[in-house]
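Commentary on secondary and tertiary structure
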Amino acid sequence: MKKVTGIGGIFFKCKDPKKMTEWYQKHLGLNTNPYGATFEWYEGEDHTQKAQTQWSPFAETTKYFEPSVKDFMINYRVADLEALVEELKKEGVTIVDQIESYDYGKFVHILDAEGNKIELWEPKD
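Since the structure is predicted, the reported quantities are computational estimates derived from the model, not experimental observations.

Turning to the pattern of salt bridges, a few remarks are in order. Inspection of the entire model under this criterion finds 8 salt bridges. Here Glu 91 and Lys 3 are joined by a salt bridge, their closest N and O atoms 3.7 Å apart. Of the two residues, Glu 91 sits in the loop between helix H2 (81–90) and strand S6 (100–102) while Lys 3 sits in the segment before strand S1 (4–14), which places them 88 residues apart along the sequence. With relative accessibility at 48%, the residue Glu 91 sits in the partly exposed group. For Glu 86, the salt bridge identified is with Lys 89, shortest N-O distance 3.7 Å. Of the two residues, Glu 86 and Lys 89 are both situated in helix H2; the distance of 3 residues between them amounts to about one turn of the helix. Since its relative accessible area comes to 46%, Lys 89 is described here as partly exposed. One connected set of salt bridges, linked through shared partners, spans Lys 3, Glu 87 and Glu 91.

Reading the values: the criteria
- Residues numbered from 1 in each chain as written.
- Predicted model: local features only at pLDDT ≥ 70, side-chain atom pairs only at ≥ 80, totals over all residues.
- Heavy atoms only, no water.
- Salt bridge = Lys/Arg side-chain N within 4 Å of Asp/Glu carboxyl O.
- Helix = DSSP H or I, 4+ residues; strand = E, 2+ residues; numbered from the N terminus.
- Buried < 20%, exposed > 50% of the residue type's maximum accessible area, 1.4 Å probe, protein only.

Have a look at this one:
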């Protein structure tokens, strides 16, 4: 079973997300939006399937990364989230929450071997 198909996003804590977003826009040319920046690319050799990776600064007080104490969280793109979650449960992986669906895909959070929170995303590309 194919598990991870790519990086869906990089999220990190900072003192002032708005200021950080403006800095990256000004100094590194990121095309920013209210959520950070979205990098679009094409998946596959024929370049017909558009995909994206999200870059997002979060307030340093965010609870979104809990129960991890790290200042970052990685979002991994997956092909079949429901099947993967069932497999991870069988392997004893901690599933933090239930699968949630949005118009842009399905999400769930897990913990790795050191308690880092990971976001899994099955995009609706």
